[in-house]
Amino acid sequence: MSDIDVIEVAKAAEKGRWARFSESDFYWKFRGSPVAMVSFAVTAVLVLSALFAPLIAPYNPFDPGSLNLMNGFSAPGVPNAFTGETFALGTDDQGRDVFSTILYGMRISLFVGFAAVTFALVLGVTLGLIAGYVGGWTETIIMRVADVQLTFPSILVAMLIFGVAKGFTPVEYRDQMAIWVLIIAIGLSDWVQFARVVRGATLVERNKEYVQAARLIGRTSPAIMLRHILPNVLSPVLVIATISLALAIIAEATLSFLGVGAPPTQPSLGTLIRIGQGFLFSGEWWILFFPAMTLLTLALAVNLLGDWLRDALNPRLK
Amino acid sequence: MLAYIIRRVAQSVLVLLVVGLVAFSMFRFVGDPIDNMLGQERTQADIDRLRIELGLDRPFVVQYFKFLEGAVQGNFGVSYRQGRPVSVIIKERAPATLELAAVSGFLAISIGIALGVFTAIRRDGWVSNVIMSVSLIGVSLPTFLIGILLIYLFSVELDMLPSFGRGEVVDLGWWTTGFLTASGLKALILPSITLGLYQMTLIMRLVRSEMLEVLRQDYIRFARARGLKERAVNFRHALKNTMVPVITVTGLQLGAIIAFAIITETVFQWPGVGLLFINAVQFVDIPVMAAYLMLISVMFVGINLIVDLLYFWVDPRLRADRAGGH
């Protein structure tokens, strides 16, 4: 087979998948819900513009060479009094273009959000599977820890973990490590949801015939958990993950706003809002307003998408 | 009944012991306490003396029990950053947080219940629809943005209310209060709205859905048929029967209010325990963090326990279930 044939075959398969998708209930429900379509479009635009920030952003806010302090405090759309340059969304005190900092900030916000949710998902699903399948003492310990953690608001747990992890990192690496510490803190504060749902579903699945059959032919427990049970408990996990993403983005913004998250050298949307709050009284509203609106739009869109996904995929969870 | 209470109390104590272990481990293993307490100019003799003084030479379990003993007596060591006993600092800061939480809780409960009843009775009115939509937006707004929005409106644009601090406070010796001065009361308005808004929408939505449920029931129709006044039906018959879940949720939300006070206190630079905690996290002031963790868990576990027992006491069906099930 030549290379071209391979591509043709792949294309056909792709088309087939798309055709199958466009005929599914899921797609029809999506087309029937304006809220879902708008929030999906908004999310997609925001995620893509964050992903391609270096290409879209007119300036690189982290390159000190491209900054001109004379451009500081330019109002949106008004030519700067000293340099005559115009910035669509204005500049901050150091002459950084607000539009560019938002794009780069959103990149960090989304990265932390996705990474934290992934971390929480892997941890929670693993522990949930083990608790549900193994049972006994293991289950008791895992679920007890989950219960205790659930007693506290997750943002508080994240703050504590952040503080402790910060204590463990050497002072000179604290700023560099902050993003990773943030991911671990938010992830660890959010695994319980996943573990509880997966454990519940696993308890149901493990007594079904296909699991007994797998056990009979001598498959090992890890193989049964991963290859047989996991695919059957995954659909509520995806719903929780979407809703968790919105919560993680807000949690990240809150922590960064409180000054215990992304450092000013790598500002996320929350850090930008924290910086902008300082200029609220001196009249430079745009430094605060645009990052805040971006965060709001992002959180709202992802949230609505998650809500819709929950209703569409799994009416039982309503 | 007694067995249930004992089991529930034992569970709570176990949780507190575990949290204590976490707090103690933070204290013991995050950074070196001696490093943190002694400055650059120190001798080996100083280090050894402090090590014995702090009991760091003794076995882990002994140290843990020492820590618990101290914690029960309210002794959490000395803040690394301020160099003063943590218990003294917290005692200074507690009134600010508790007053803020009390006002927010009061606002959330009173306005929440009132709006919940209103939106349930005028179910399809346009005012109800507006309230419900606004509450949806309110839930999705992060707390700190609400605070900033309020500051922008009432402090920057209208210049009516202060944007930070507690205003003038009156020192009663063991308590400082902002309730007795005009500036203290004015300073309370924005932070308490910010803090209570989320809980208010939550209570409102809960009361509304419970009320709608109850209003459908037969005894409400009979009460109307008997010719009772609308007011009597709505408040004496319907609202009363929605209160059990409302009390439970409200109780649990009280803990959340104290925890979320961290955010509000940072936005408004409110000199309370939450701001103290966030500064401790920023500067890795472990004794303050450990003390805050212990305090807040005692509160959370206590509230949970009380709510559980209340529920058990209020709803006789639960008692029957337990007796039959075990």
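Residues numbered from 1 in each chain as written. Chains lettered and ligands numbered in written order. Predicted model: local features only at pLDDT ≥ 70, side-chain atom pairs only at ≥ 80, totals over all residues. Heavy atoms only, no water.

Looking only at helices and strands, chain B features 14 helices and two strands. Dimensions along the principal axes, computed over C-alpha positions, put chain B at roughly 85 × 65 × 35 Å. Taking contacts inside chain B between residues at least 6 apart in sequence as the whole, the part at least 24 apart equals 70%. Total accessible area computed for chain B in this model is approximately 17100 Å², and 65% of it derives from carbon and sulfur atoms. Here chain B holds 29 positive side-chain charges and 24 negative ones, and the gap between their average locations is 12 Å. (Helix = DSSP H or I, 4+ residues; strand = E, 2+ residues; numbered from the N terminus. Contact = heavy atoms within 4.5 Å. Areas by Shrake-Rupley, 256 points an atom, 1.4 Å probe, with all protein chains shown as cover. Lys, Arg positive; Asp, Glu negative; His and termini not counted. Charge placed at Lys NZ, Arg CZ, Asp CG, Glu CD.)

All names here are of chain A. Running from N to C, helix 5 (residues 98-134) and helix 13 (residues 286-313) point in directions that differ by 35°, and their axes come no closer than 10 Å. As helix 5 runs across helix 13, the sense of the crossing is right-handed. Two secondary-structure elements touch here, helix 5 through Val 98, Ile 102, Met 106 and Leu 110 and helix 13 through Trp 286, Phe 290, Pro 291, Thr 294 and Leu 298. For the contact of helix 5 with helix 13, the class distribution of residues is eight nonpolar, one polar and no charged. (Axes fitted to C-alpha atoms, helices over the stretch in contact; angles between N-to-C directions. Left-handed = near helix turned anticlockwise from the far one by under 90°. Nonpolar A, V, L, I, M, F, W, Y, C, P; charged D, E, K, R; others polar.)

Right, let's get into the packing of aromatic side chains. Working definition: an aromatic ring pair is given by the centre-to-centre distance plus the angle between the planes. All names here are of chain B. Inspection of the entire model under this criterion finds six aromatic pairs over all chains. On the basis of an interplanar angle of 45° and a centroid distance of 5.9 Å, the ring pair of Phe 24 and Tyr 64 is categorised as tilted. Linking Phe 24 in helix 1 (residues 2-29) with Tyr 64 in helix 4 (residues 60-72), this pair joins segments that are 40 residues apart in sequence. Relative accessible area serves as the criterion here: at 3%, Phe 24 is assigned to the buried category. (Phe/Tyr/Trp six-rings, centres within 6.5 Å; stacked < 30°, edge-to-face > 60°. Buried < 20%, exposed > 50% of the residue type's maximum accessible area, 1.4 Å probe, protein only.)

Turning our eyes to something else, we now look at helix 8 (residues 182-215) of chain B. The first and last C-alpha atoms of helix 8 of chain B sit only 43 Å apart over 34 residues, clearly below the 50 Å expected at 1.5 Å per residue. Along helix 8 of chain B, the sharpest kink reaches roughly 45°, centred on B:Gly196. (Expected span 1.5 Å × (residues − 1). Bend = angle between axes of the 7 residues up to and from the residue.)

So, about the interface of chain A and chain B. Contacts between chain A and chain B engage 33 residues on the former and 36 residues on the latter. Both faces combined, the contact of chain A with chain B buries some 3000 Å², and carbon together with sulfur accounts for 84% of it. The largest per-residue losses of area from chain A upon contact with chain B belong to A:Leu160, A:Leu258 and A:Leu280, which jointly make up 17% of the total buried on that side. The tally of links between chain A and chain B comes to one residue pair in polar contact (both at pLDDT 80 or more). A total of ten residues in the side of chain A that touches chain B trace back to one element, the largest contributor, which is helix 7 (residues 154-168) of chain A. Per-class residue counts for the side of chain A that touches chain B are 23 nonpolar, six polar and four charged. (Buried area = accessible area lost by both parts, 1.4 Å probe. Polar contact = N/O pair within 3.5 Å; in protein donor to acceptor, adjacent residues only side chain to side chain.)

Residue and element names in this part refer to chain A. Taken as a whole and judged by the stated rule, the model has eight salt bridges over all chains. Across the salt bridge formed by Glu 139 and Arg 199, the nearest N and O atoms sit 2.6 Å from each other. Remark: Arg 199 occurs in helix 9 (residues 191-205) and Glu 139 occurs in helix 6 (residues 136-151); sequence separation between them is 60 residues. Across the pair Arg 196 and Asp 147 runs a salt bridge, and its minimum N-O distance is 3.7 Å. Note that Arg 196 is positioned in helix 9 and Asp 147 in helix 6, a separation of 49 residues in sequence. On the accessibility criterion, Arg 196 (37% relative accessible area) is partly exposed. Linked through salt bridges whose partners overlap, the residues forming this network are Arg 144, Asp 147 and Arg 196. (Salt bridge = Lys/Arg side-chain N within 4 Å of Asp/Glu carboxyl O.)

Residues and elements named next belong to chain A. With respect to the element layout, Ser 49 can be found in helix 3 (residues 34-51). Look at Ser 49 and you get buried, because its relative accessible area is 14%. Within the structure, Ser 49 has its side chain in polar contact with the backbone oxygen of Val 45 (distance 2.8 Å). Excluding its chain neighbours within four sequence positions, the residues that come into contact with Ser 49 are Ile 56, Leu 103 and Met 106.

Time to look at the nonpolar core. By size, the foremost hydrophobic cluster in this structure holds 129 residues, and its most contacted members are A:Ile273, B:Met26, B:Phe144, B:Ile148, B:Phe277 and B:Met289. Top element by residues in this core is helix 11 (residues 221-258) of chain A. It accounts for 17 residues. With near-sequence residues (within four places) excluded, B:Met289 lies in contact with A:Leu160, A:Gly163, A:Val164, B:Met26, B:Phe277, B:Ala280 and B:Val281. Formed by 17 residues, the second largest nonpolar core is a distinct cluster that contains B:Ala120, B:Met200, B:Val233 and B:Val246. (Core = buried A, V, L, I, M, F, W, Y, C linked by side-chain atoms within 4.5 Å.)

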